[in-house]
Amino acid sequence: MIFESHAHYDDKQFDNDREELLSSMQANGIEYIVNVGSDFAACKRTIELTHKYDFIYGAVGIHPSDIADLNEEVCQWLREAGSLPKVVAIGEIGLDYYWEKDPQVQKKQRDWFLRQMELARELTLPVIIHSRDAAEDTLKLMKEIHAQQIPGVVHCFSYSPELAEEYVKMGYYIGIGGVVTFKNSKKLKETAERIPLNHILLETDCPYLSPEPFRGKRNSSLNLPYVAQEIAALKGISEDEVILATRENALRLFSKVNVNR
Ligand code: NI
């Protein structure tokens, strides 16, 4: 059974068939799903999903591209939401300099990233980190605040294998999704090959980033076997081994799932 570590089923792309799709997950080998908040409204919808479905857990946090949503009140809301039994992580949080080029707003992203990392520390929750075109600042900030004391995953990893190894040394997991199946994703294939299996999580980031052969279409957790197959091929092991190990990794990281099941 597969542990899906990063999905956005609150997204409007699922409005027409959400119920039908989610009801089919467990019969199709998807055991657990962590639905991840992005903006404030998505965090609230995530909590609703955790109430509705046994096997769905939640992460609450504000994505760097949505920090306009953040203020002291929302921080307090996140703190309370983080204490709910089925909220298992703070995320997704981080830096995104791909979509944000204004240095002043980038500075604000760093401030809120820090605040949310500290919130995770306070709540003893793991973090789900989003980092795009901000490799240097992400690592620098994480070193400054001793992020090795805060467990987490760097989701949809897009940097070099060397940097992945650096995160693994800090105890972090590397989230790998559909991109690893793309012909042109040389760096990520090398990353998957090089980092130890006990530091890899399977994720979709659905509705985005469908693996081959569905690239460009709406993604769902049902496509995760394609990701597992590719990682297995790169490492020269079986698909079952990948599925089993990544499930154990996710249960180790999102330890509140264990307490609840
Ligand atoms: Ni995401």
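Use the structure listed above.
Quick summary incoming for the structure in this document.

Here is what the cut-offs are and how they apply
Residues numbered from 1 in each chain as written. Predicted model: local features only at pLDDT ≥ 70, side-chain atom pairs only at ≥ 80, totals over all residues. Heavy atoms only, no water. Donors = N, O, S within 2.8 Å, 3.2 Å for Na, K, Ca; no water. Tetrahedral: all angles 85-135°; square planar, octahedral: opposite > 155°, others 65-115°. Buried < 20%, exposed > 50% of the residue type's maximum accessible area, 1.4 Å probe, protein only. Pairing = 2+ DSSP bridges. Helix = DSSP H or I, 4+ residues; strand = E, 2+ residues; numbered from the N terminus. Axes fitted to C-alpha atoms, helices over the stretch in contact; angles between N-to-C directions. Contact = heavy atoms within 4.5 Å. Phe/Tyr/Trp six-rings, centres within 6.5 Å; stacked < 30°, edge-to-face > 60°. Lys NZ or Arg CZ within 6 Å of the ring centre and 35° of its normal. Parallel < 35°, antiparallel > 145°, perpendicular 65-115°, else oblique. Left-handed = near helix turned anticlockwise from the far one by under 90°. Nonpolar A, V, L, I, M, F, W, Y, C, P; charged D, E, K, R; others polar. Core = buried A, V, L, I, M, F, W, Y, C linked by side-chain atoms within 4.5 Å.

## Some details on the coordination of the nickel ion
Distances from the nickel ion to its protein donors, namely His6 (NE2), His8 (NE2), Glu92 (OE) and Asp205 (OD), fall within the range 2.2 Å. For the nickel ion, the four donor atoms in the first shell make angles of 86 to 172° at the metal, a pattern classed as irregular. Expressed as a motif, the donor residue spacing for the nickel ion is H-x1-H-x83-E-x112-D. Assessed through its relative accessible area of 6%, His8 is described here as buried.

## So, the sheet that holds strand 3 (residues 56-60)
The sheet built from eight strands is open, its strands ordered 1-2-3-4-5-6-7-8 with parallel pairing. Of all strands in the sheet, those bounded by a partner on one side alone are strand 1 (2-7) and strand 8 (200-202). Mean inter-strand twist for the sheet, computed between neighbouring axes without regard to direction, equals 30°. Here strand 3 pairs with strand 4 (residues 87-96) via three bridges, running parallel. In the strand pairing of strand 4, Gly58 is matched with Val87. In the packing of helix 8 (residues 224-235) onto the sheet, the strands contacted are strand 1, strand 7 (173-176) and strand 8, and the crossing angle to strand 8 comes to about 150°.

## Here's the deal with the packing of aromatic side chains
By the definition in use, this model includes 11 aromatic pairs. Between the aromatic rings of Tyr53 and Phe55, the centroid separation amounts to 5.9 Å while the plane-to-plane angle is 65°, which identifies the pairing as edge-to-face. Joined through ring pairs, the aromatic side chains of Phe3, Tyr32, Tyr57 and Phe254 make up one cluster. Lying over the aromatic face of Tyr98, Arg132 brings its terminal NZ or CZ to 3.6 Å of the ring centre. Across from the ring centre of Phe182, 3.6 Å away, lies the NZ or CZ of Arg215, which sits over that ring.

## Concerning the packing of helix 7 (residues 186-194) against helix 8
In contact at an axis separation of 8 Å, helix 7 and helix 8 are set at 70° when each is read in the N-to-C sense. With respect to their mutual orientation, helix 7 and helix 8 come out roughly perpendicular. For the pair helix 7 and helix 8, the crossing hand works out as right-handed. Across from Lys189, Ala192, Glu193 and Arg194 in helix 7, the residues of helix 8 making contact are Glu230, Leu234 and Lys235. Residues that form the contact of helix 7 with helix 8 fall into these classes: two nonpolar, no polar and five charged.

## Quick notes on unusual backbone geometry
The step from Cys206 to Pro207 runs through a cis peptide bond, and the omega angle for that step is 20°. Relative to the elements of secondary structure, Pro207 occurs in the loop between strand 8 and helix 8. A cis geometry characterises the amide bond from Glu212 onward to Pro213, with omega recorded as 10°. Summarising the element assignment, Pro213 is placed in the loop between strand 8 and helix 8.

## Some points on the nonpolar core
With 72 residues, the main nonpolar core has Tyr9, Met117, Tyr167 and Tyr172 as its most contacted residues. Residues within four places of Tyr167 in sequence aside, it is in contact with Thr138, Leu139, Met142, Val154, Phe157, Tyr172 and Ile174. Val36, Tyr57, Leu201 and Leu251 belong to the second-largest nonpolar core, a separate cluster that totals 17 residues.

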